[in-house]
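# Coordinate analysis (summary)
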Amino acid sequence: MLFTLISGILIGIFYGLMGLGLNFIFGVMKIVNLAHGDFVMLGAFGVYLAYSVWNLNPLIALGIELVIFLAIGIPLYYGFVPRLLKSRDPEMLSLILFFGLSQVIESLASFAFGTNPDTVNPTVFGSQPVNIFGQSIQMSWIVAVLISLLAMAFMYGYLYHTKIGIATRAIMGHRTEAMSSGINVHRVSAIAFAIGIALAITAGSMTPFVLGGIYPSMGVDLTTTSFAVIVIGSLGNPLGTILGGLIYGICLMLMQTYLPSWSSLVPYLLLILILLFRPSGLLGRRERNA
């Protein structure tokens, strides 16, 4: 039982990171990025490719990926999002657009990497396990958790201790009022969009070590899991994703321990329960500004 709880907390922190980028983009722009899981998948394959072909340490590969996808995120925003936000129903149109982008990414990844699962040797960070309260945890999980905590700390510092972060929170509160107060909404949103993609890539870089095998079609499942995590915490509240990840991780590990054949239903069961009894999420307000 103790091992299950510790494992649930550790993997919950990772899942919190996985959902963080999706929730951040929704909180700022009120658009649903259905390609989120595919960006996580790309981050995983980037680490796999760097390690298997060039023998690069996954942390070095992550740094390279972050530079690449931060650079990709901003033009991707200007190519799609401003047009979405001008539409009558940007949330619904974003579902359609990013679903199409998800299919394109998955198809290209299948062409490039094939359909068979791949992985990265988890001992790349060391084969000696870490002892936590008498329980042995593999080093790769510890590294994934540390990376997740660093990313979360960055988000907290960004949102609450920088001028652009304060502007971002103003946009999250009310986009029109933020624009009327002189905030360059598109510039701030483009940076937020790029950060959201970078967070997905960061989670993806740790996916081979936490979830094991990676494959091009895994994006759909990762997006579903991310939705479950952010709905539990609060849709549109990025830091609430941390709580959602912890609850999801603990529930998942308990199910895998005691009812393993039902563990794949965890995200769907949690989504149903939260939507029935707390539609705004555990940390959400009953009413949210549009």
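Since we're looking at a predicted model, the values are computed, not measured. (Residues numbered from 1 in each chain as written. Predicted model: local features only at pLDDT ≥ 70, side-chain atom pairs only at ≥ 80, totals over all residues. Heavy atoms only, no water.)

### Examining the UniProt feature "transmembrane region" (unreviewed entry) in the chain
The positions UniProt marks with the feature "transmembrane region" (unreviewed entry) are residues 6-26, 33-54, 60-80, 92-113, 139-160, 181-203, 239-259 and 265-284. Between the C-alpha atoms that bound residues 181-203 there is a distance of 35 Å. The span itself is 83% helix and 0% strand. End C-alpha to end C-alpha, residues 239-259 measures 30 Å, and it is 90% helix and 0% strand. (UniProt positions renumbered as here; feature names shortened; annotations may be inferred. Helix = DSSP H or I, 4+ residues; strand = E, 2+ residues; numbered from the N terminus.)

### Brief notes about the packing of helix α1 (residues 2-29) against helix α10 (residues 240-258)
Axis separation between α1 and α10 bottoms out at 6 Å; the angle between their running directions is 135°. On the basis of the axis angle, α1 is oblique to α10. Note that α1 runs across α10; the crossing there is right-handed. Considering only residue class, the contact of α1 with α10 consists of twelve nonpolar, eleven polar and no charged. (Axes fitted to C-alpha atoms, helices over the stretch in contact; angles between N-to-C directions. Parallel < 35°, antiparallel > 145°, perpendicular 65-115°, else oblique. Left-handed = near helix turned anticlockwise from the far one by under 90°. Nonpolar A, V, L, I, M, F, W, Y, C, P; charged D, E, K, R; others polar.)

### Here we look at helix α6 (residues 163-173)
All of the buried residues in α6 are Gly165, Ala167, Thr168, Ile171 and Met172. Seen end-on, α6 carries its buried residues on one side only, within an arc spanning 160°. Considering only its buried residues, α6 is in contact with α1, α5 (139-161), α7 (175-180) and α8 (185-210). (Buried < 20%, exposed > 50% of the residue type's maximum accessible area, 1.4 Å probe, protein only. Arc of directions from axis to C-beta. Contact = heavy atoms within 4.5 Å.)

### Regarding the side chain of Thr241
With respect to the secondary-structure elements, Thr241 resides in helix α10. Looking at Thr241, its side chain comes within polar contact range of the side chain of Asn23, at 2.9 Å. Leaving out residues up to four positions away in the same chain, Thr241 has contacts with Gly16, Gly19, Leu20, Asn23, Val229 and Ile230. (Polar contact = N/O pair within 3.5 Å; in protein donor to acceptor, adjacent residues only side chain to side chain.)

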